[in-house]
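# Analysis of the macromolecular model
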Amino acid sequence: MHQVKVYDGSGNLKKVISVKALNKRSDDMIESPSQYRKNRVNATPPANPIDISSAGKKK
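What you are looking at is a predicted structure, and each value in this text was computed from that prediction instead of being measured.

## Quick word on the overall build of the chain
A count of helical and extended segments in the chain gives one helix and two strands. Taking all 59 residues of the chain together, 2% fall into the buried category. Entry remark: accessible area of the chain is about 6,100 Å², with carbon and sulfur atoms responsible for 53%.

## Focus: the pairing of strand β2 (residues 13-17)
Pairing of strand β1 (residues 4-7) with β2 involves four bridges; the strand directions are antiparallel. Bridge pairing links Y7 to L13 in β2. Remark: five residues form the turn of the hairpin made by β1 and β2, two consecutive strands paired antiparallel; G11 in that turn has positive phi of roughly 95 degrees.

## Structural notes on a nonpolar patch on the surface
A surface patch of nonpolar side chains, amounting to about 290 Å² of accessible area, comprises Y7, L13 and V16. A relative accessible area of 47% places L13 in the partly exposed class.

## Considerations on the environment of Q3
Within the secondary structure layout, Q3 lies in the segment before β1. Those residues in contact with Q3, other than ones at most four positions away along the chain, are V16, I17, S18 and V19.

Rules and cut-offs
- Residues numbered from 1 in each chain as written.
- Predicted model: local features only at pLDDT ≥ 70, side-chain atom pairs only at ≥ 80, totals over all residues.
- Heavy atoms only, no water.
- Helix = DSSP H or I, 4+ residues; strand = E, 2+ residues; numbered from the N terminus.
- Buried < 20%, exposed > 50% of the residue type's maximum accessible area, 1.4 Å probe, protein only.
- Areas by Shrake-Rupley, 256 points an atom, 1.4 Å probe, with all protein chains shown as cover.
- Pairing = 2+ DSSP bridges.
- Patch = residues over 30% accessible without salt bridge, like charges linked within 9 Å, V, L, I, M, F, W, Y side chains within 5 Å.
- Salt bridge = Lys/Arg side-chain N within 4 Å of Asp/Glu carboxyl O.
- Contact = heavy atoms within 4.5 Å.

Take a look at the structure:
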């Protein structure tokens, strides 16, 4: 594993994440994966599906 360099939108270096920190995060993720799961509560529901059976038919 290698260190990770994080840049902002304009290309400036924001921080460097060390290999030690990455290994610690990996070990924590193995022990409790729910801690790192993405929050799906704020996600928008999918749009209503289009009914293709009536598409193109005139009433």
